[in-house]
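What follows is each chain in one-letter form.
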Amino acid sequence: EFNQKVSSATSVTPNLIIDANTNISCSNVTVTGTQTYNGNVQIDTAATIKASEIDFAKNISGSGKKLTIDSPIIKSTIASGSAEITLSELSFVKTSTSLETANNTNINLNVPNIKGAGKTIVIDETLKNITLTPTAVTVESTVQTETNSKLTASSGTTTFKADVTLANATLDANGGTIIFTGSGSTLSGNNTFKN
């Protein structure tokens, strides 16, 4: 359990590898290398995780909590099935952050507020499917899908407040309503919408 700030500032690029379940009860976990969480991660307070890459093999949860990702890559390493991320808010700091999987699996993103105005979230082609599960989801970051990835929107309403670039057939509207308020969205190929 992290109860105080965790950081490293050595000349060697250190990695943080945790094989047990982890509770993050501090505001900041900073490692210049890769942070690897092989057990479930529980966010107990608003926290920022900063690393060159963040890998997680199980679920990340924190009901009512905010998690800020300060990394160019966040990757699910779950072997099969779906990894779950359950938070009240997920925020991105880097200019561009790639959401990836090591084993072409799924990520269920149970987060109603995705922040990071002026930042880009890239849904990597390694992602079999990323599903937005709350009834109403607001995405402030620019979203870009890569060919062979898939984004499944909320079955309620998904609002994209910044630009969205959808590669061919990468969006599943999931029977819900999609709202674009960005000024420069690009929809390529065949994407099916209900509303």
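Coordinates for the structure precede this section.
Caption draft 1: Looking closely at the pairing of strand S4 (residues 34-37). Both faces of S4 are covered, namely the face carrying Thr34 and Thr36 and the face carrying Gln35 and Tyr37. The pairing of strand S1 (residues 16-18) with S4 spans three bridges and is classified as parallel. Residue pairing for S4: Ile18 is matched across the bridge by Tyr37.

Caption draft 2: View of the nonpolar core. One finds Ile24, Leu67 and Ile114 to be the most contacted residues of the largest nonpolar core, which totals 45 residues. In terms of residue count, the dominant contributor to this core is strand S10 (residues 82-92) (five residues). Discounting residues that sit within four places of it in the chain, Ile114 has contacts with Leu90, Phe92, Leu109, Ile121, Leu132, Val137, Thr138, Val139, Glu140 and Ser141.

Caption draft 3: Main features of the packing of aromatic side chains. Within this structure, the stated rule accounts for two aromatic pairs. Residues Phe180 and Phe193 carry aromatic rings whose centres are separated by 6.1 Å and whose planes lie at 70 degrees to one another, so their mutual orientation is edge-to-face. Residue Phe180 is located in strand S22 (residues 177-180), and its partner Phe193 is located in the segment after strand S23 (186-187); the two are separated by 13 residues in the primary sequence. A network of ring pairs unites the aromatic residues Phe160, Phe180 and Phe193 as a single cluster.

Caption draft 4: Representation of the environment of Gly175. Tracing the sequence through the fold places Gly175 in the loop between strand S21 (171-172) and S22. On the accessibility criterion, Gly175 (38% relative accessible area) is partly exposed. Sequence-wise, Gly175 and Thr147 are 28 residues apart; in three dimensions their C-alpha atoms are separated by 22 Å. In contact with Gly175, other than residues within four places in its own chain, are Ser155, Lys194 and Asn195.

Caption draft 5: Unusual backbone geometry, seen in detail. We note that Asn104 has phi near 50 degrees; this positive angle belongs to a residue other than glycine. Summarising the element assignment, Asn104 is placed in the loop between strand S11 (96-101) and strand S12 (106-110). Given the relative accessible area of 45%, Asn104 is considered partly exposed. Even without a glycine there, the phi angle at Asn148 is positive, about 85 degrees. Locating Asn148 in the fold gives a position in the loop between strand S17 (142-145) and strand S18 (151-152).

Caption draft 6: Fine view of the sheet that holds S1. Read across the open sheet, the nine strands follow the order S1-S4-S7-S9-S11-S14-S17-S20-S23; overall the sheet is parallel. Taken across any chain shown, the strands that pair with only one partner, and hence form the sheet edges, are S1 and S23.

Basis of the calculations
- Within each chain, residue numbers correspond to sequence positions counted from 1 in written order.
- Local features in this predicted model are restricted to residues whose pLDDT is 70 or higher, and side-chain atom pairs enter the listing and the counts only when it is 80 or higher, whereas totals over whole chains, interfaces and linings include all residues.
- To get the side-chain values, take all heavy atoms of the structure and skip hydrogens and water.
- Relative accessibility thresholds used throughout: buried, under 20% of the residue-type maximum; exposed, over 50%; partly exposed, between the two (1.4 Å probe, protein chains only).
- Elements are defined by DSSP. Helices are runs of H or I of four residues or more, strands are runs of E of two residues or more, and each kind is numbered from the N terminus.
- Should DSSP find at least two bridges between two strands, the strands are regarded as paired.
- Only buried Ala, Val, Leu, Ile, Met, Phe, Trp, Tyr and Cys residues count toward a nonpolar core, and they belong to the same one when joined by side-chain atoms within 4.5 Å.
- Only heavy atoms enter the contact rule, under which two residues are in contact if any of them lie within 4.5 Å.
- In summary, the pairing rule links any two rings of Phe, Tyr or Trp, Trp by its six-membered ring, whose centres are within 6.5 Å, and it sorts them by plane angle into stacked for under 30 degrees, edge-to-face for over 60 and tilted for everything else.

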